[in-house]
2 protein chains.
Amino acid sequence: MNTHYKKLQSSYLFSKIGKKVGDFQAANPDQRVIKLGIGDVTHALSESILSAFHKGVDDQGSDESFHGYGPEQGYAFLRDKIAEYDYRRNGCDISPDEIFVSDGAKCDTGNIQELFSQDISIGVPDPVYPVYVDTNVMAGRTGEFVDGRYEGLHYLEGNESNGFVPSPPDQHIDLIYLCFPNNPTGTVATREQLAEWVAYARREKSLILFDAAYVEFIRDESIPKSIYEIPGAREVAVEFRSYSKTAGFTGTRCAYTVIPSECMVYDEDGSPHSLKDLWLRRQSTKFNGVSYPVQKAAEAIYTEKGRQEVRALSDYYLENAKLIRNKMTGLGFTVYGGENSPYVWVKAGESSWELFDELLEKAAVVTTPGAGFGSCGEGFIRISSFNHRDQVEEALERIADAFASR
Amino acid sequence: MNTHYKKLQSSYLFSKIGKKVGDFQAANPDQRVIKLGIGDVTHALSESILSAFHKGVDDQGSDESFHGYGPEQGYAFLRDKIAEYDYRRNGCDISPDEIFVSDGAKCDTGNIQELFSQDISIGVPDPVYPVYVDTNVMAGRTGEFVDGRYEGLHYLEGNESNGFVPSPPDQHIDLIYLCFPNNPTGTVATREQLAEWVAYARREKSLILFDAAYVEFIRDESIPKSIYEIPGAREVAVEFRSYSKTAGFTGTRCAYTVIPSECMVYDEDGSPHSLKDLWLRRQSTKFNGVSYPVQKAAEAIYTEKGRQEVRALSDYYLENAKLIRNKMTGLGFTVYGGENSPYVWVKAGESSWELFDELLEKAAVVTTPGAGFGSCGEGFIRISSFNHRDQVEEALERIADAFASR
């Protein structure tokens, strides 16, 4: 067996939450639990997307319009739209052949480490989405888990003093994971902060893996929506995007990864190799493309009507986030995120799990303990805005009642 | 970079074929090329599947029936049916929790090697589907490519004298890839032959990765449809299946992998670890499950009507295979496969690429050169039965004309 798997911490965050919620529900069968924990959307696919999805299924129903194996990189009809609407209209020079359609940003951010050598140095934010860390543990790029951290990783600390946006370190790191708008803190990086990272990566010949799964929630015009808005990023950055949160695709599955042609990795002699070519080879060998009707559904996001619908969906969740921010602030909590992000990051004033337990027991509301995202997440909880308005409002009332009596 | 990628042979089989076909078409713009090369289905999804697919899309259209993130292992509604219809009714004791639904057998057969240590010994058939070899090359489990083979792999030779079914070797091998009905040779393994492999794996504490993507084409009652028909296989075998060829899902994407609870891998101390648990951890970390409407579509395969439709589809392709077999035999070729398989394996009497070129130039028919599947494939071509009857018939007439005049 691959014994690196033995280093993985078995109590995965969401399993532990699930168990606590199950226990609470068993002890309180009359209480209706409201979930503001996991970042899963709750709203139906929009009209344009649904209609294109059905049309795609219809195409599979007659021999003339049937689609068998598609291109591993994704259909051109979708990649063309992505290049145009998500990049060129936003001033980023990205071409369709630099885009790879996939069934999830989780797969892509998890699989891309295969392209790198075993002995690279890796920087991961703390707190962070666990997939970046776990996939490198599985690949053997870390030591054991000691005192809450894996040996051999560089943790880029996010805390209140830096607004949860770590700066580039003094030493050299080969590979850097960044995620903005951030999961779990809901914070965003300014143009200047991203420019600092791009400058670092260019100077150090490092590579940035930029997870932009939540980009649709950015409303502040001054915040970059893509790392490619920073001059020079094409040489040093890969960007991951997903339709999961933006268009409600968590159960429908479609995402994409951008690797510019100038992005290079280096072999033992220091000779450059195209990262895009390596990823194409990886995907052609281990992946067979995304379901054709799903790609047709995703294409509809880029129609005028589709864009409006998707915007309305993120507006809705952002309004939820605002309600959460305001209520928690009003109750005296210090709050981050939730303005260009669906996540609100709340300072607990006690341990993460203590506030989690308190909210569950007193208000029957499920959140996510920040400690589950890394050491620097201790003392915080993440509240997700992905739910129906009436549920969010009821949850907030219950929390207000519980904390007024505290 | 992961420099093992540099060992990969760049001229991937199907790209080379694509280039030759493109060149031929450019030089002969009036000739209509018929493709009996790649193993891609050509028939529409059947009625029951389509209808369930639409219903699944409809579910995504209202908040009440909307499905967000599903279980990484696949929905129970599908895994229950697989266990019942594909296994229990066939006398195999497989439970739903041993089944992992995925978006393709290519992904699963490609990804599973991550669970094993770097220094295992690996046996791969020759000729063989290139994914087994290439994914191990990428992972660094081989040496360089020398004289048509990767150093460090054990090639299990299939040839006319063993009917393209290799026997277990004399020495120890940790991990063995087998594929029956075979791609590319179209041959099947008898119960006795599979029993020999299971006995070997039990004796040697080896693991068999059994690719059964073409099982739906087996008509001979004496041929096992699953490795789990062999007593003792639960401890030593993983089975991969796919709806791609059976139900026309190459563009729709759904497959599954079976890992019985008794299947163990061993750490450096020789302690056993559950392979199923490792795979679940891998999938939970790097995969987000198959699109919900696609799983609904796959479920319909197991209704009475769905089973009939799928059977009719494979009957159709098998009839094509029979026509190909008979015509090629009649033209004096020695022919294998094509009886419980959609692939016909034809002895060239010259080199693989020579016969490929001859068929393309004289008959405008595309096949697949056996040499592309390994050294032992040299001297053969694979003819696929995945096409419309009239296309197959026309292709065979053209071949007959071309070879009558030779």
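Residues numbered from 1 in each chain as written. Chains lettered and ligands numbered in written order. Predicted model: local features only at pLDDT ≥ 70, side-chain atom pairs only at ≥ 80, totals over all residues. Heavy atoms only, no water.

Under an unreviewed UniProt entry, the name given to chain A is LL-diaminopimelate aminotransferase, and the source organism is Salinispira pacifica. UniProt annotates chain A under Catalytic activity (unreviewed entry) with the comment "(2S,6S)-2,6-diaminopimelate + 2-oxoglutarate = (S)-2,3,4,5-tetrahydrodipicolinate + L-glutamate + H2O + H(+)". The record in UniProt for chain A states the following under Function (unreviewed entry): "Involved in the synthesis of meso-diaminopimelate (m-DAP or DL-DAP), required for both lysine and peptidoglycan biosynthesis. Catalyzes the direct conversion of tetrahydrodipicolinate to LL-diaminopimelate." (UniProt positions renumbered as here; feature names shortened; annotations may be inferred.)

**Q** Can you help me understand the overall build of chain A in this one?
**A** The secondary structure content of chain A amounts to eleven helices and 17 strands. In terms of overall size, chain A behaves like a compact globule, its C-alpha atoms giving a radius of gyration of 21 Å where 406 residues would be expected to give roughly 22 Å. Counting every position in chain A, which comprises 406 residues, the buried fraction comes to 64%. If you take every contact in chain A between residues at least 6 apart in sequence, the share linking residues at least 24 apart comes to 73%. Total accessible area on chain A stands at roughly 14300 Å², and carbon and sulfur atoms take up 47% of it. (Helix = DSSP H or I, 4+ residues; strand = E, 2+ residues; numbered from the N terminus. Rg over C-alpha atoms; globule rule 2.2 N^0.38 Å. Buried < 20%, exposed > 50% of the residue type's maximum accessible area, 1.4 Å probe, protein only. Contact = heavy atoms within 4.5 Å. Areas by Shrake-Rupley, 256 points an atom, 1.4 Å probe, with all protein chains shown as cover.)

**Q** Help me out: how do you make sense of the nonpolar core in this one?
**A** Nonpolar side chains in soluble globular proteins tend to end up buried together. Formed by 130 residues in total, the largest nonpolar core has its most connected members in Tyr243(A), Phe249(A), Tyr243(B) and Phe249(B). Apart from residues lying up to four places away in sequence, Tyr243(A) is in contact with Leu78(A), Ile82(A), Gly248(A), Phe249(A), Cys254(A), Ala255(A), Tyr256(A), Ala298(A), Ile301(A) and Tyr302(A). If you look at the next biggest cluster of nonpolar residues, it comprises 66 residues, including Tyr5(A), Val133(B), Leu153(B) and Ile259(B). (Core = buried A, V, L, I, M, F, W, Y, C linked by side-chain atoms within 4.5 Å.)

**Q** Please explain the environment of Ile122(A) as it appears in this structure.
**A** Relative to the helices and strands, Ile122(A) resides in strand E3 (residues 122-126). Separated by 46 residues in sequence, Ile122(A) and Ala76(A) have C-alpha atoms that sit 34 Å apart.

**Q** Explain the pattern of salt bridges here, please?
**A** Any two side chains of opposite charge can pair, so long as their charged atoms come close to each other. According to the stated counting rule, one finds 54 salt bridges over all chains in the structure shown. Of the charged contacts in the structure, one is a salt bridge between Asp59(A) and Lys55(A), with a shortest N-O distance of 2.9 Å. With a gap of four residues between them, Asp59(A) and Lys55(A) both fall in helix H2 (residues 47-59), about one helical turn apart. For Lys55(A), a relative accessible area of 46% corresponds to the partly exposed category. Salt bridges sharing common partners tie together Lys6(A), Asp267(B) and Glu268(B). (Salt bridge = Lys/Arg side-chain N within 4 Å of Asp/Glu carboxyl O.)

**Q** What should I look at first to understand the interface of chain B and chain A in this one?
**A** How big an interface is tends to be stated in terms of the accessible area lost upon association of its parts. Counting residues at the interface gives 71 residues for chain B and 71 residues for chain A. Both sides together, the interface formed by chain B and chain A hides about 5800 Å², and carbon and sulfur atoms give 56% of it. Looking only at chain B, the three residues that lose the most surface to chain A are Met1(B), Tyr69(B) and Arg281(B), adding up to 14% of its buried area. Counting the contacts that link chain B with chain A gives eight salt bridges. The closest approach of N and O atoms between Asp134(B) and Arg281(A), which form a salt bridge, is 3.2 Å. Per element, the largest residue contribution to the side of chain B that touches chain A is six residues, and it comes from helix H7 (residues 275-286) of chain B. Of the residues contributing to the side of chain B that touches chain A, the split by class is 25 nonpolar, 30 polar and 16 charged. (Buried area = accessible area lost by both parts, 1.4 Å probe. Nonpolar A, V, L, I, M, F, W, Y, C, P; charged D, E, K, R; others polar.)

**Q** So what exactly am I meant to see when it comes to the domain arrangement of chain A here?
**A** All names here are of chain A. According to the domain assignment, chain A consists of domain 1 (3-44 + 305-404) and domain 2 (49-303). Centre-to-centre, using C-alpha coordinates, domain 1 lies 25 Å away from domain 2. If you look at the interface, domain 1 gives 39 residues, while domain 2 gives 48 residues. For the pair domain 1 and domain 2, the summed buried area comes to about 3600 Å², and 58% of that belongs to carbon and sulfur atoms. At the boundary of domain 1 with domain 2, the tally comes to 21 residue pairs in polar contact (both at pLDDT 80 or more). Examining the composition of the side of domain 1 that touches domain 2, we find that eleven residues originate from one element, helix H9 (residues 304-330), more than from any other. Split by residue class, the side of domain 1 that touches domain 2 holds 16 nonpolar, 13 polar and ten charged. (Domains from an automatic or database assignment. Polar contact = N/O pair within 3.5 Å; in protein donor to acceptor, adjacent residues only side chain to side chain.)

**Q** How should I be thinking about the side chain of Glu309(B) in this particular structure?
**A** Locating Glu309(B) in the fold gives a position in helix H9 (residues 304-330). In contact with Glu309(B), other than residues within four places in its own chain, are Ser46(B), Glu47(B), Ser48(B) and Ile49(B).

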